[in-house]
Amino acid sequence: MLLDTGIPERFHDYLGALGISPLTAKMGIVFREMTVERMVATMPVAGNEQNAGLLHGGAHLVLAETLGSIAAVLHTRGEKPVVGIEISATHHRGITEGIVTGTCTPIHLGGTLTTHEIVMTDEAGKRLSTAKITNMILDPSRR
């Protein structure tokens, strides 16, 4: 499943027992770029709509949380577990078809907290939503 989502083999050991969330696969999220400084993934609108035909607001958040959480894992080089403690989003415009691209960049990369901004755009580069996620880096000896 990891190879199908575009995650390079060098990061497979970072991602724990499941590798990637089954929800990530169900949503059709594919990683295009993965570095500590910038993470990019795409997701189809098809299959992720709400009942009015628009991309579901929760789908925006799934893409954002997936990107932000894995970016936090990369920051720790997979050496410490991370958990999301806050996420928020502003929806700027709707989309009914095509591919959404999420671009994640760090705001803060600390020893106990990371904060990332994730911008979702359509295929023309128009901003659809902006999300922010904060992850806590756990001390593995306290688990």
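Structure report, in brief. Source: prediction; values computed, not measured. Note on numbering: residues in each chain are counted from 1, in written sequence order. Totals for whole chains, interfaces and linings use every residue, but because this is a predicted model, local features are given only for residues with pLDDT of at least 70 and side-chain atom pairs only at 80 or more, for both listing and counting. Hydrogen atoms and water are omitted, and side-chain values are computed over all heavy atoms in the structure.

Side note on the sheet that holds strand E6 (residues 127-137)
And step 1. Strand pairing requires that DSSP identify at least two bridges connecting the strands. Counting from the N terminus, the helices are DSSP H or I runs at least four residues long and the strands are E runs at least two residues long. Taking strand neighbours across the sheet as the criterion, the 6 strands line up as E1-E2-E4-E5-E6-E3 in an open arrangement whose pairing is antiparallel. In the strand order of this sheet, the two ends are held by strand E1 (30-34) and strand E3 (82-91), each with one partner. Each adjacent strand pair in this sheet contributes to an overall mean axis angle of 20°, direction not counted. Axis lines are fitted to C-alpha atoms, over the contacting stretch for helices. Their N-to-C directions set the angle, which ranges from 0 to 180 degrees.

Some points on a nonpolar patch on the surface
And step 1. On the surface, Val 83, Ile 85, Leu 113 and Met 136 cluster together into a nonpolar patch covering about 290 Å² of accessible area.
And step 2. Position of Met 136 among the secondary structure elements: in strand E6. Put simply, a patch holds well-exposed residues, over 30% relative accessible area, that have no salt bridge, with like charges counted together within 9 Å and Val, Leu, Ile, Met, Phe, Trp or Tyr side chains within 5 Å. Only the protein chains shown count as cover for residues, with accessible areas throughout obtained via the Shrake-Rupley method and a probe of 1.4 Å. In the sections that follow, a salt bridge refers to a side-chain nitrogen of Lys or Arg positioned within 4 Å of a carboxyl oxygen of Asp or Glu.

A few points about the environment of Met 43
And step 1. Relative to the elements of secondary structure, Met 43 occurs in strand E2 (residues 39-44).
And step 2. Taking relative accessible area as the criterion, Met 43 reaches 1% and is therefore assigned buried.
And step 3. As for Met 43 and Phe 31, which are separated by 12 residues in sequence, their C-alpha atoms are 9.1 Å apart.
And step 4. Among all residues touching Met 43, those that are not within four sequence positions of it are Met 27, Gly 28, Ile 29, Asn 48, Leu 55, Ala 59, Leu 63, Gly 98, Ile 99 and Val 100. A simple rule labels every residue: compare its accessible area, found with a 1.4 Å probe on the protein chains alone, to the largest value its type can have, and call it buried under 20%, exposed over 50%, or partly exposed in between. In what follows, residue pairs with any heavy atoms lying within 4.5 Å of each other are defined as contacts.

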